[in-house]
Amino acid sequence: MKRIAVTINGAVYEGEVEPRTLLSDFIRHQAGLTGTKVGCEQGACGACTVQLDGEPVRSCLMLAIQADGRALRTVEGLSDPGDELHPLQRAFQQTHALQCGFCTAGILMSIEAFLRGRPNPSEAEIRETLAGNLCRCTGYRGIIEAVRLAAGELSGGDRLG
């Protein structure tokens, strides 16, 4: 067992982990943050995507000990402290970009990082970014509209349509 401390959404979570403990398991079972989903456990579906030091990573492919002393952000950390939804979350709601919601957390974490510094992404760029996240319910049209709407809001305009 190894003792680790990981800052998740601004709070420090400490725990004893086996060297083989996956980061996704630490997040869900030791930190109690269940927004991060585990789908394929092979990194292919993207449901487990979180941000490590600001960049998207597949938490099912990473060991918890690799995150020791580092900063993580999960979907629970997207909204502001006042519980106002992040523009991406609002856009998903407005465009009906989710159905079952299993993939949503991973998509939000991938897209939020993607939109930083990209005020006007093309549909091709959005699709390329979404290629690492599988959604079996929506057909992606609503997701693409949500990303365009959020990009517009984040950059001060409106890009839905």
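Summarised in this report is the structure supplied together with it. Since the structure is predicted, the reported quantities are computational estimates derived from the model, not experimental observations.

Observations concerning helix α3 (residues 104-115)
Step number 1: The end-to-end C-alpha separation of α3 is 16 Å, in line with the 16 Å expected for 12 residues at 1.5 Å each.
Step number 2: The buried fraction of α3 is high, at 12 of 12 residues.
Step number 3: Buried within α3 are the following residues: T104, A105, G106, I107, L108, M109, S110, I111, E112, A113, F114 and L115.
Step number 4: The secondary structure elements touched by the buried residues of α3 are β3 (49-52), β4 (55-58), β5 (71-73), α2 (87-94), α4 (123-130) and α5 (141-154).
Step number 5: Positioned one or two residues after α3, G117 has a phi angle of 80°, which is positive.

Observations regarding the sheet that holds strand β1 (residues 2-8)
Step number 1: Read from one edge to the other, the open sheet built from five strands follows the order β2-β1-β5-β3-β4, with strand pairing classed as mixed. Whereas interior strands pair on both sides, the edge strands pair on one side only; in this sheet they are β2 (11-17) and β4. In this sheet, adjacent strand axes meet at a mean angle of 40° when their direction is disregarded.
Step number 2: Two elements, β3 and β5, share two bridges in a ladder whose sense is antiparallel. Bridging across to β5, Q51 finds its partner in R73.
Step number 3: Across the sheet, helix α1 (residues 23-30) lies against β1, β2, β3 and β5, angled at about 110° from β2, the strand it touches most.

Points about the layout of surface pockets
Step number 1: Its boundaries defined by the atoms lining it, the largest pocket holds a volume of some 180 Å³.
Step number 2: As for the largest pocket, its lining consists of G39, C45, A47, C100, F102, C103, L134, C135, R136 and C137.
Step number 3: Taken together, the residues of the lining of the largest pocket sort by class into eight nonpolar, one polar and one charged.

Procedures and definitions
Counting restarts for each chain: residues are numbered from 1 in the order of the written sequence. Reporting in this predicted model follows two pLDDT cut-offs: at least 70 for local features of residues, and 80 or more for side-chain atom pairs to be given and counted; totals over whole chains, interfaces and linings ignore these cut-offs and use all residues. Side-chain descriptors were evaluated using all non-hydrogen atoms of the structure, hydrogens and water having been removed beforehand. Secondary structure is summarised from DSSP: a helix means a run of H or I of at least four residues, a strand means a run of E of at least two, and numbering begins at the N terminus for each. The span one expects for a helix is its residue count, reduced by one, times 1.5 Å. Throughout, exposure labels follow a simple rule: accessible area from a 1.4 Å probe, protein chains only, divided by the maximum for the residue type, with under 20% read as buried, over 50% as exposed, and the rest as partly exposed. By definition, residues are in contact when any of their heavy atoms lie within 4.5 Å. Any two strands are treated as partners once DSSP identifies two or more bridges connecting them. Each axis is a line fitted through C-alpha atoms, taken for helices only over the stretch in contact, and angles between the N-to-C directions span 0 to 180 degrees. Here the term cavity refers to a set of points on a 1 Å grid, laid over the protein atoms alone, in which a 1.4 Å probe fits but cannot get out; the term pocket refers to an open set having protein on both sides within 12 Å along at least five of seven lines, with lining residues being those that place an atom within 4 Å of a point. Grid points are joined across faces, edges and corners, and a volume is the space filled by probe spheres set on the points. Amino acid classes used here: Ala, Val, Leu, Ile, Met, Phe, Trp, Tyr, Cys and Pro are nonpolar; Asp, Glu, Lys and Arg are charged; the rest, including Gly, are polar.

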